[in-house]
Amino acid sequence: MAVSKKARALYFKIFDGVETATANAIMTFQARREMKRYVRKMPRLTSEQKKAVRKFWKPYCRIDSDWIRYYTFITGKFDPRYIPDVLQHTRIDQHFNSRKLGYGFNDKNYYSLLFPGIKQPVTVVRKIGGFLFDETYRQIDLTKALELLAARPEVIVKPSQESGGGRDIRFYDTKADANELKKVLLDKSEKNIIVQDIVRQHHKLAKMHPQSLNTVRIYTLMLDDGVHVLSASLKMGANDSRIDNVERESGIIAGIKEGGELMNFAYYDLFSGKTTDRHPQGMLLSEIRVPSYERMIDTVKRAAQYIGNFKLVGWDLSVDENKEVILIEANMRKGGIGPIQCMHGPFYGELTEKVLNEVFGKNKE
């Protein structure tokens, strides 16, 4: 017997709503607890600043002003439009991005299908639901998978789902680590992974830190008037790290100007606001211009229109040795806004009120 659309909608409203509300409550509790710890020694907002915060947010919701206090201290600039991280993840992100579809669409093993015509790292082996496949989604056995891997000198293994922040990313020499790679493919606890070639990055990106793939994070927001680029930043590995994640203390992050030049400072410790004017290996940030930057912007604007159920996306890209733009990852939900606001100011900039009006239903007919 077919289930009516109304019954199905009621089911999701009740059960999915309870699950979402529970997840949001846990996230809110954890975020507020951490924020209280961060701001303990930071200067408090002045009475005038608190008044400005209340006035700006009154039409929308009540917020914890400690978020504004944190970003004011880190950046040295007060602005009531800073977006509290917890509000971003529990309300705004869930307004623009489909939470239910996110778990499936955010699987790197399906990027080849989602973003046809956009260059990506070469995939050697896919593990989907515990089964092995080649790059073209043909099912293969373990022997064939190992044969494909042996034809490469080195590969990178990533979880294909929920792998933000560089979690569980590993590098393998296919000859020296052949047994380890075999164990990875046989591991029943890892049902969804993607094994790819190492991207040979452009010499200008490699010059900063050759050990890591240095990537550009570009945020786009699709509204009724088209795709807007909110911000861009360059994530660079540091020291011996092969991962470029500043939040895991394995890299630094610098804002990118409209022309592709870097800002003259980068963060290497977001929690204390510590900055530097040069890469830890010595290169001055002011001397760096991201290669093929305009093509990156064109690429994300095009890619954003492939996934209309995800209007707010954080794109990770790099540039290969032939100046080709490479899509590394599309963060279709819960993308981190902390580093962005520290570098660029309020996450939505001049679009802030338009965004909040839409999210909180304040648009006027």
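Remember, predicted model here, so these are calculated numbers, not experimental data. (Residues numbered from 1 in each chain as written. Predicted model: local features only at pLDDT ≥ 70, side-chain atom pairs only at ≥ 80, totals over all residues. Heavy atoms only, no water.)

As a further point, take the packing of helix α7 (residues 142-150) against helix α8 (residues 178-186). Angle between the axes and distance between the axes are the two parameters that describe a pair of packed helices. Packing of α7 against α8 leaves a shortest axis separation of 11 Å and a crossing angle of 135°. The angle between α7 and α8 places the two elements in the oblique class. Between α7 and α8 lies a crossing of right-handed hand. When α7 is examined against α8, the residues Leu 142, Ala 145, Leu 146 and Leu 149 are found in contact with a partner set consisting of Leu 181, Lys 182, Leu 185 and Leu 186. For the contact of α7 with α8, a count of residues per class yields seven nonpolar, no polar and one charged. (Axes fitted to C-alpha atoms, helices over the stretch in contact; angles between N-to-C directions. Helix = DSSP H or I, 4+ residues; strand = E, 2+ residues; numbered from the N terminus. Parallel < 35°, antiparallel > 145°, perpendicular 65-115°, else oblique. Left-handed = near helix turned anticlockwise from the far one by under 90°. Contact = heavy atoms within 4.5 Å. Nonpolar A, V, L, I, M, F, W, Y, C, P; charged D, E, K, R; others polar.)

Turning next to the sheet that holds strand β4 (residues 170-173). Sheet strands associate in pairs through backbone hydrogen bonding, adopting either a parallel or an antiparallel arrangement. Spatially, β2-β1-β5-β3-β4 is the arrangement adopted by the five strands of the open sheet, whose pairing is antiparallel. At either end of the open sheet lies a strand with only one pairing partner, and these are β2 (131-133) and β4. The sheet shows a mean angle of 20° between the axes of neighbouring strands, taken without regard to direction. Along the sheet face, α7 touches β1 (123-128), β2, β3 (154-159) and β5 (193-197) and points at about 150° away from the line of β1. (Pairing = 2+ DSSP bridges.)

So, on to the side chain of Asp 79. For Asp 79, the position within the fold is in the loop between α3 (66-75) and α4 (85-96). Within the local environment of Asp 79, its side chain forms a polar contact with the backbone nitrogen of Arg 81, the two atoms lying 2.9 Å apart. Excluding residues within four positions of it along the chain, Asp 79 makes contact with Ile 68, Thr 72 and Pro 346. (Polar contact = N/O pair within 3.5 Å; in protein donor to acceptor, adjacent residues only side chain to side chain.)

Turning our attention to the packing of α4 against helix α12 (residues 352-359). Contact geometry of α4 with α12 gives a least axis separation of 10 Å together with a crossing angle of 85°. Comparing their axes, α12 and α4 come out roughly perpendicular. Contacts between α4 and α12 involve Arg 91, Ile 92, His 95 and Phe 96 from the former and Val 355, Leu 356, Glu 358 and Val 359 from the latter. When the residues that make up the contact of α4 with α12 are grouped by side-chain class, the tally is five nonpolar, one polar and two charged.

Attention now moves to a positive patch on the surface. On the surface, Arg 44, Lys 50, Lys 51, Arg 54 and Lys 55 cluster together into a positively charged patch. Inspection of the secondary structure puts Lys 55 in helix α2 (residues 47-57). (Patch = residues over 30% accessible without salt bridge, like charges linked within 9 Å, V, L, I, M, F, W, Y side chains within 5 Å. Areas by Shrake-Rupley, 256 points an atom, 1.4 Å probe, with all protein chains shown as cover. Salt bridge = Lys/Arg side-chain N within 4 Å of Asp/Glu carboxyl O. Lys, Arg positive; Asp, Glu negative; His and termini not counted. Charge placed at Lys NZ, Arg CZ, Asp CG, Glu CD.)

A separate point is the sheet that holds strand β11 (residues 312-319). If you trace the seven strands from one edge of the open sheet to the other, you get β10-β9-β8-β7-β6-β11-β12, paired in antiparallel fashion. The outermost strands of the open sheet, each flanked by one partner alone, are β10 (274-276) and β12 (325-331). Shown here is a sheet whose adjacent strand axes are inclined to one another by a mean of 30°, direction ignored. As paired strands, strand β6 (residues 215-223) and β11 are joined by six bridges and run antiparallel to one another. Its bridge partner being in β11, Arg 217 is matched across the sheet by Asp 316.

All right, on to the pairing of β1 then. Among the six residues in β1, six count as buried, and that is most of the element. Bridge count between β1 and β5: four bridges; the pairing is antiparallel. Across the sheet, residue Thr 123 finds its bridge partner in β5, namely Gln 196. Bridge analysis of β1 against β2 gives three bridges, and the strand direction is antiparallel. Each residue of the ladder has a partner; that of Ile 128, found in β2, is Phe 131. (Buried < 20%, exposed > 50% of the residue type's maximum accessible area, 1.4 Å probe, protein only.)

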